Amino acid sequence: MQTTTFMKKTLCATAVSAAMVSMSLPALADSWRGWNIHPPGYPNTEALEAFAENVAEKTEGRVEPQVYNNAVLGDQSDAIEQTRSGALDFANFNMGPMGPIVNETNVLSLPFIFSSVDHMHEVMDGEIGQRFADALAEKNLIALSWFDSGARSLYNTSHPVNTPEDVEGLKIRVMNNDLYVEMIEAMGGNATPMSYGEVYQSLKTGVLDGAENNYPSFESSNHYEVANYYSLTEHLIIPECLCIAKSSWEALSEEDQKIVREEAIKASEMQRQLWVEGSKESRQIVEDAGVEINEVEDKSAFQAKMDPVYAGFIEENPELEDLINAIRSSN
Ligand code: BDP
């Protein structure tokens, strides 16, 4: 039989992979599946991919994380449950949809709880952040670092929002958390909890009038193509975690835990840097596409509407009042 170039290449590749398999045989690689809601190129995606690559390299292949983008492994609430049970190994979760599962994290979803993104980082990187990490750990999620998610603002298909009166009657999509329903209703709108992937179509067909998000998500989800008014209410500043499933974490040696922790912290530093740049770029893209962006002169009108939301929350969760006060007074 004549050996063709193709066969030679194939034989050669087979020999190489056989050699690679035998070289790596003693340490069985732990393949980690990681959930990510965002598309390639998004700041979080880049940071998660760097995390995966660096962990594989530093553990010399003992842990092989793989990131699955665009929520192909399920929507966020499902993915949280899958990570808690160990069906998924790691993920980048927003603390919004975490609220129904880890009650303490609802504090982070109180509108205007942080005065700025810097304030949020200071809190999350300190002792208070550790309190949230402890609460997550009780629910089998090991939060190793905190990502930026900017500030979320309202956008809609019909007019600029300057005052709560402008929100009246608008059907606004919110993430899956009852607190956001209360928040939008307190502003005068009608809230619809919905998973992220369904929002574009719903805006397009008029099922929704608007939603709320940061610039990078407003842009990468293409919502800006259908919702042309973005109003800087900046009502929510919600941190996100790089979380590992407790069972995956506990299966690691101490040495590998150290590597994974260090890489998670490095990933969050990278994400925060990329976030600043990415937010500016996204703002430019949506403006160039014709989106009208307006500052909200008097945010205190929105803040004042949130008093009953806080009062109701504290009434239901009196044990969390000191945490709310600690965050507010840490500024
Ligand atoms: C983005 C968050 C993502 C959320 C999404 C949403 O990064 O985790 O799922 O908003 O609105 O900003 O659902």
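Residues numbered from 1 in each chain as written. Predicted model: local features only at pLDDT ≥ 70, side-chain atom pairs only at ≥ 80, totals over all residues.

Under the domain assignment, the protein chain is made up of domain 1 (29-150 + 238-280) and domain 2 (152-237 + 292-329). The straight-line distance from the C-alpha centre of domain 1 to that of domain 2 is 23 Å. Each partner contributes to the interface: domain 1 provides 33 residues, whereas domain 2 provides 27 residues. Secondary-structure elements contributing two or more residues to the side of domain 1 that touches domain 2 are helix H3 (76-85), helix H4 (117-125), helix H5 (127-138) and helix H10 (254-288). For the side of domain 1 that touches domain 2, the element with the most residues is H4, which contributes three residues. (Domains from an automatic or database assignment. Contact = placed C-beta atoms within 7 Å. Helix = DSSP H or I, 4+ residues; strand = E, 2+ residues; numbered from the N terminus.)

Now for the packing of helix H2 (residues 43-58) against H10. When two helices pack together, their arrangement is captured by the angle between the axes and the distance separating the axes. Relative to each other, H2 and H10 sit at 155 degrees, their axes nearing to 8 Å. Considering the angle they form, H2 stands roughly antiparallel to H10. Of the two possible hands of crossing, H2 and H10 adopt the one that is right-handed. Of the residues in H10, those touching H2 at Pro43, Asn44, Glu46, Ala47, Leu48, Ala50, Phe51, Asn54, Val55 and Lys58 are Ile259, Val260, Glu263, Ala264, Ala267, Met270, Gln271, Leu274, Trp275 and Gly278. A per-class count over the contact of H2 with H10 returns 13 nonpolar, four polar and three charged. (Axes fitted to C-alpha atoms, helices over the stretch in contact; angles between N-to-C directions. Parallel < 35°, antiparallel > 145°, perpendicular 65-115°, else oblique. Left-handed = near helix turned anticlockwise from the far one by under 90°. Nonpolar A, V, L, I, M, F, W, Y, C, P; charged D, E, K, R; others polar.)

Tracing the sequence through the fold places Gln273 in helix H10. Given 13 C-beta atoms within 10 Å, Gln273 falls into the partly exposed group. Sequence separation between Gln273 and Ala47 is 226 residues; the distance between their C-alpha atoms is 9.9 Å. (Buried ≥ 20, exposed ≤ 12 C-beta atoms within 10 Å, placed from the backbone.)

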